[in-house]
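What follows is each chain in one-letter form.
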Amino acid sequence: MAVRDPEVEPLLEDLHAEYTSRYGPNEEISRYPDERFTPEHGGAFLILVEHGRTVAGGAFFRHDEETAELKRIWTHPGHRRRGLGVAVVRELEREAARQGYRRIYLTTGPRQPEAAGLYLSTGYSPLYDLGADPETVGPHPFEKIIRGSGQTPADGRGRSR
């Protein structure tokens, strides 16, 4: 799926509105060039369509040779609480593994506790102090080792060896 396909438009528009409502005017949606999300550049973009409508989606790009970075995880407001976010994350993990990545990295903002909850519930390790005031942390980073790589977290914060 290409970032500028018409089916992706609802995802990008809703994410932009969501980010603006939580953080004020920003350019997060245009922060990364579209080609970073293509397989040719080590990325992927997927959407879930139900009855001809885009209901969820997400993407990743190459963070480094072993790491994919998740971005644009979204579920349409009318379709939340159905496990679609989990389905998107799991499929992105499978695609990242198919592309040879061993680790997933991502960040979410301090005003997105439901996103942090999604990542914690799907096995991601926080790379920040969960007890800290969210507004003092800045972007909230997470990681997950994938593909049965044999790597395990080395400490309680989820950092890999």
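In this report, the structure presented in the accompanying data block is examined. (Residues numbered from 1 in each chain as written. Predicted model: local features only at pLDDT ≥ 70, side-chain atom pairs only at ≥ 80, totals over all residues. Heavy atoms only, no water.)

1. Quick look at the pattern of salt bridges
Inclusion rule: Only one rule defines a salt bridge in this text: a Lys or Arg side-chain nitrogen within 4 Å of an Asp or Glu carboxyl oxygen. The helix count covers DSSP runs of H or I at least four residues long, the strand count covers runs of E at least two residues long, and both are numbered beginning at the N terminus. Relative accessibility under 20% of the residue-type maximum defines a buried residue, over 50% an exposed one, and the middle range a partly exposed one, all with a 1.4 Å probe and only protein chains included.
Under the definition given, this model contains 16 salt bridges. Where E93 meets K144, a salt bridge forms, and the shortest distance between an N and an O atom there is 3.1 Å. You can see E93 sitting in helix 2 (residues 84–98) and its partner K144 sitting in strand 6 (residues 140–145), a full 51 residues away along the chain. K144 shares its class with E93; the two are buried. Within the structure, one salt-bridge network assembled from shared partners comprises E91, R94, E95 and R98.

2. Some words on helix 2
One turn of the α-helix equals 3.6 residues, which is why residues spaced by three or four share an orientation. Keep this limit in mind: Here the expected length of a helix is defined as 1.5 Å per residue gap, with one fewer gap than residues.
In this model, helix 2 (15 residues) spans 21 Å end to end at C-alpha, consistent with the 21 Å of a helix rising 1.5 Å per residue. In the stretch just after helix 2, G100 is the one whose phi turns positive, near 95°.

3. Description of empty space enclosed by the protein
Heads up, the condition is: The pocket and cavity definitions rest on a 1 Å grid over protein atoms only: a 1.4 Å probe that fits but cannot leave marks a cavity, an open set with protein on both sides within 12 Å along at least five of seven lines marks a pocket, and residues lining either have an atom within 4 Å of a point. Grid points are joined across faces, edges and corners, and a volume is the space filled by probe spheres set on the points. The nonpolar class holds Ala, Val, Leu, Ile, Met, Phe, Trp, Tyr, Cys and Pro. Asp, Glu, Lys and Arg form the charged class, and all remaining residues, Gly among them, are polar.
Applying the stated criterion across every chain, the model contains one cavity of 30 Å³ or more. Estimates place the volume of the largest cavity at around 40 Å³. Forming the boundary of the largest cavity are V3, R4, L12, I29, Y32, D34, F37, F45 and R72. For the lining of the largest cavity, the residue count by class is six nonpolar, no polar and three charged.

4. Considerations on the sheet that holds strand 5 (residues 125–126)
We apply this condition: In this scheme, strands are said to pair when DSSP sees at least two bridges between them. Here a residue-residue contact requires only that any non-hydrogen atoms of the pair lie within 4.5 Å. Axis definition: a line fitted to C-alpha atoms, limited for helices to the stretch in contact. Angles are taken between N-to-C directions and run from 0 to 180 degrees.
The mixed open sheet is built from six strands, whose spatial order is 1-2-3-4-6-5. At either end of the open sheet lies a strand with only one pairing partner, and these are strand 1 (44–50) and strand 5. Bridge analysis of strand 3 (residues 67–75) against strand 4 (residues 103–108) gives three bridges, and the strand direction is parallel. In the sheet register, A68 faces strand 4, and the bridge partner there is I104. The sheet strands contacting helix 1 (residues 9–23) are strand 1, strand 2 (53–64) and strand 3, and the helix crosses strand 3 at an angle near 85°. Against the sheet, helix 2 touches strand 1, strand 2, strand 3, strand 4 and strand 6, its axis set at about 40° to strand 2.

5. Comments concerning the environment of E35
In this fold, E35 is placed in the loop between helix 1 and strand 1. Separated by 32 residues in the primary sequence, E35 and V3 place their C-alpha atoms 8.1 Å from one another.

6. Side note on helix 1
Going by this rule: The arc in question is the one traced by the directions running from the helix axis out to the C-beta atoms.
Over its 15 residues, helix 1 runs 21 Å from end to end, which matches the ideal 21 Å to within 8%, given 1.5 Å per residue. The complete set of buried residues in helix 1 reads L11, L12, L15 and Y19. Projected down its long axis, helix 1 shows its buried positions confined to an angular sector of 90°, all on one face. Looking one or two residues beyond helix 1, the residue adopting positive phi is G24, at roughly 85°.

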